[in-house]
Amino acid sequence: MNENQKHHAHPSPRRVQVLREDVARKIAAGEVIDRPYSVLRELLDNAIDSGADQIQVEIADGGTRLIRVSDNGSGMNSEDLSLCFQSHATSKIEHEDDLLRIQTLGFRGEALSSIAAVSKLEITSRAEDAPEGGVVIVHGGKKVSQTTKAWGKGTSIGVSDLFFNLPARKKFLKRSATEAMLCKNTLIEKALAFPHIQFEYRTEGTLRFVLPGVPPQIESNHLQRILMAYPDLGDEKLFFSVQGSGDGFSFTAVIGEPGISRGDRKMVQVYANHRRIQEFSLIQAMEYGFQGFLPGGRYPVAFLFLDADPAFVDFNIHPAKREAKFTILPEIHRRVSRSVQEILSNHAKQTLSYQQRSASPRQDIGVTSFLHHNSTGQLQGHPHGATPADSPPNSDFPARGVQERIPNWNRPMPRSTSELYEPHAEPMSSNPAPRHESEPYRYLGQVFTLFLLVELENSLYMIDMHAAHEKILFEQFSQNPRPQRLLLPLELTELDEPINPELLQELHALGIEIETNESGTYQIISLPGGLIGKELYLAEFLGGFRGTKDDLQRSLYATMACRSAVKDGDYINDRIAHAIIQGALQLENPRCPHGRPIWFEISKDELFQLVGRT
Ligand SMILES: Nc1ncnc2c1ncn2[C@@H]1O[C@H](COP(=O)(O)OP(=O)(O)OP(=O)(O)O)[C@@H](O)[C@H]1O
Ligand SMILES: [Mg+2]
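Reading the values: the criteria
- Residues numbered from 1 in each chain as written.
- Chains lettered and ligands numbered in written order.
- Predicted model: local features only at pLDDT ≥ 70, side-chain atom pairs only at ≥ 80, totals over all residues.
- Heavy atoms only, no water.
- UniProt positions renumbered as here; feature names shortened; annotations may be inferred.
- Pairing = 2+ DSSP bridges.
- Helix = DSSP H or I, 4+ residues; strand = E, 2+ residues; numbered from the N terminus.
- Axes fitted to C-alpha atoms, helices over the stretch in contact; angles between N-to-C directions.
- Contact = heavy atoms within 4.5 Å.
- Disulfide = S-S within 2.5 Å.
- Buried < 20%, exposed > 50% of the residue type's maximum accessible area, 1.4 Å probe, protein only.
- Polar contact = N/O pair within 3.5 Å; in protein donor to acceptor, adjacent residues only side chain to side chain.
- Core = buried A, V, L, I, M, F, W, Y, C linked by side-chain atoms within 4.5 Å.
- Domains from an automatic or database assignment.

Within an unreviewed UniProt entry, the label attached to the chain reads DNA mismatch repair protein MutL, and the organism entered is Spirochaeta lutea. For the record of the chain, the UniProt heading Sequence similarities (unreviewed entry) holds the text "Belongs to the DNA mismatch repair MutL/HexB family." UniProt, in its Function (unreviewed entry) section for the chain, records the words "This protein is involved in the repair of mismatches in DNA. It is required for dam-dependent methyl-directed DNA mismatch repair. May act as a 'molecular matchmaker', a protein that promotes the formation of a stable complex between two or more DNA-binding proteins in an ATP-dependent manner without itself being part of a final effector complex."

This is the structure in structure tokens:
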């Protein structure tokens, strides 16, 4: 059975009952209804738990006038209807032990009663085995009426006049459009977690969108749903799905190829047991996977759908279930980042071997533009339209000292040397790599899996992309020692020996603050800006460092730079290539931290001489 359906294929046959007090007390209850979208989230959870495969949502006035969720799920009988809006009334758990085996989104028996208390609620439903349906109306927590009604299948819950009896709360609401947007985002999150369910969305009586259910047997169901929900992300070809598993968990990660990276983390999303959660370390796990594939300041498009054995994960710690406690987090972290890293590396290799195979005799000069080679359209996963002209290069690298070291930087350049000297023998004519208008150089492509070929002034540069990136990062680390507190301390679980206190002090001076926690393990609590996101490499470095405090700084920065930099054979897109080229051309000392030159340069004159021209 597909992961999506595993937990929800069979709605609970149990009926609604009020929890015993001792069980109720174990539940992290709290005020869960503060905005229209929290009502929608709870109603959607209930509809999903009912086993529905069709869910309709309707809101009016940003959800303040009406929020209605209708489903074709298992429904409720008249007894359920009279209990379901009461506090601690649930059909999903019975005993305290059930909290360890939760398979449903709901378990507290709190949501409907919290909603009922602050709105006018109308629930219409029919249980599958009941001859007819019923309607219960509850205003401000008080039952107004309960009657029978002819009703087809499932449940429809309408919430009107939210906060009609809490004017103070109502004042805190934003404009209708903002509340409506939050509702829509809530719906999309649920839809992403349950691709097999069809969702319809109406506002002010107008159908806005339908997300048809993707049959669970379709392996790429998560990806299909993501692309339906976020059509701007582009084409299926720009994505990979990767599956992984370990003891007590399995996951699917849907990741966008590095060329579609973004400037913020909105598209790095983590879902655990079908709930979107804000678990920073899992967000980080995917970002680690992208290390070496994205320059600093860029974030991937990456969705993680994790299914963990309920025994290892506790959602009963946050009233809105936005947080979870995992007992197997480090292992999940490791598997996820490794899988992402592997798929990206494999893709890079495939792309390279394709490039090598397809190089035409004309391109035997070795200049195969990496991203512009689209004659066969087979370069799966490449961002279409990501040409230098329309994707401005990343400006993360500091722009200093350019004028001093590269004379005549601003002088207009010929578009290509061949234009000047051999007008009919343009080697790149079938495959032009246009010069970025704002750049004084022309990027020609990547050769021998390592070198970026650049024409600048009267020279051809072959830039070792690893060495260049390494040195750029090395300089960045040295320039940005101001410590920043991590959102969540990172445990250094892999250290098998205590860190020498002298070293700890020295690290502190470099902006790396490490504390020991109650259980005696080390945790990093702050890092210099440049090292944020690279904590894993830091942990590895500290585990293996045997030097003295005097060579700590250099050795640390060099190791971190080497580990974080793109590697020989990595697939890099134009944006990254430009960022590396610009950073490299601006280096004071174009040598890598180990002292090797970063590029080989040959002038036009030397080249001409080599072929016997003068
Ligand atoms: N759409 C629905 N279809 C069928 N039964 C429903 C539906 N909505 C609510 N119920 C029933 O009403 C009960 C109470 O719902 P409520 O949302 O208050 O609690 P819960 O889902 O059990 O837990 P939680 O408070 O964590 O959401 C549910 O346990 C379920 O039996
Ligand atoms: Mg519920």
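Q: Which parts of the structure should I look at to understand the sheet that holds strand β3 (residues 66-71)?
A: Strand pairing in a sheet takes place through backbone hydrogen bonds and is either antiparallel or parallel in direction. The eight strands are arranged β7-β6-β5-β8-β3-β2-β9-β10 in an open sheet whose pairing can be described as mixed. Looking at the sheet topology across the chains shown, the edges are occupied by β7 (142-149) and β10 (206-211). Adjacent strand axes in the sheet meet at a mean angle of 10°, parallel and antiparallel pairs treated alike. In this structure, strand β5 (residues 120-126) lies alongside strand β6 (residues 133-139), joined through six bridges in antiparallel fashion. Paired with Thr124 across the bridge in β6 is Val135. Its contacts with the sheet place helix α3 (residues 36-49) against β2 (54-60), β3, β8 (154-160) and β9 (198-203), and it is angled at close to 10° to β3.

Q: How do you make sense of the state of the cysteines when you look at a structure like this?
A: A covalent bond between the sulfur atoms of two cysteines is what we call a disulfide. In total, this model carries zero disulfides according to the counting rule given. Here Cys562 stays unpaired: no disulfide links it, and the sulfur of Cys592, its closest cysteine neighbor, is 8.6 Å away. In this structure Cys592 comes out as buried when scored by relative accessible area, which is 3%.

Q: Explain the environment of Thr178 to me, please; I cannot follow it from the model alone.
A: Relative to the helices and strands, Thr178 resides in helix α7 (residues 176-193). Judged by relative accessible area, which is 23%, Thr178 ranks as partly exposed. Each C-alpha atom of the pair Thr178 and Gly62 lies 7.2 Å from the other, and the pair is 116 residues apart in sequence.

Q: What am I meant to see in the pairing of strand β23 (residues 522-528) here?
A: Remember that side chains alternate between the two faces of the sheet whenever the strand is regular. Burial of β23 is extensive: seven of the seven residues sit out of reach of the surface. Connecting strand β22 (residues 513-516) to the next strand, β23, in antiparallel fashion are five residues, including Gly520 with a positive phi near 85°.

Q: Any chance you could explain the sheet that holds strand β19 (residues 451-456) here in plain terms?
A: Spatially, four strands are ordered β18-β19-β20-β24 in an open sheet, and the strand pairing comes out antiparallel. For this open sheet the edge positions go to β18 (441-447) and β24 (599-603), each flanked by a neighbour on one side alone. Shown here is a sheet whose adjacent strand axes are inclined to one another by a mean of 20°, direction ignored. With five bridges connecting them, strand β20 (residues 459-464) and β24 associate as antiparallel partners. Opposite Ser459, over in β24, you have Ser603 as the bridge partner. In this fold helix α13 (residues 465-479) packs onto β18, β19 and β20, with an angle of close to 75° to the strand it touches most, β20. Strands β18, β19, β20 and β24 of the sheet are contacted by helix α17 (residues 574-585), whose axis makes an angle of about 115° with β18.

Q: What is the right way to read the side chain of Thr64 from this model?
A: Residue placement: Thr64 occurs in the loop between β2 and β3. Using a relative accessible area of 17% as the deciding quantity, one classes Thr64 as buried. Within polar-contact distance, the side chain of Thr64 engages the backbone oxygen of Asp61 at 2.7 Å. For Thr64, the contacting residues outside a window of four places in its chain are Pro36, Ser160, Asp161, Leu162 and Leu173.

Q: Hey, could you run me through the nonpolar core in this one?
A: Generally speaking, soluble globular proteins have nonpolar side chains that are buried together. By size, the foremost hydrophobic cluster in this structure holds 60 residues, and its most contacted members are Ile55 and Phe303. Built from parts of two domains, this core gets at least three residues from each of domain 1 (3-208) and domain 2 (234-349). Residue contacts for Ile55: discarding those within four places in its chain leaves Leu44, Ala47, Ile48, Val69, Ser70, Asp71, Ile197, Gln198, Phe199 and Glu200. Listed in part, the 35 residues of the second largest apolar core include Phe240, Ile283, Phe293 and Leu304.

Q: What is the right way to read unusual backbone geometry from this model?
A: Glycine aside, negative phi is the norm for most residues, and most peptide bonds take the trans geometry. Phi at Phe163 is positive, roughly 65°, even though this residue is not glycine. In this fold, Phe163 is placed in the loop between β8 and α6 (167-171). A positive phi angle, near 50°, is found at Glu457, a position not held by glycine. Take Glu457: it is sitting in the loop between β19 and β20. By relative accessible area, which is 18% here, Glu457 ends up buried.

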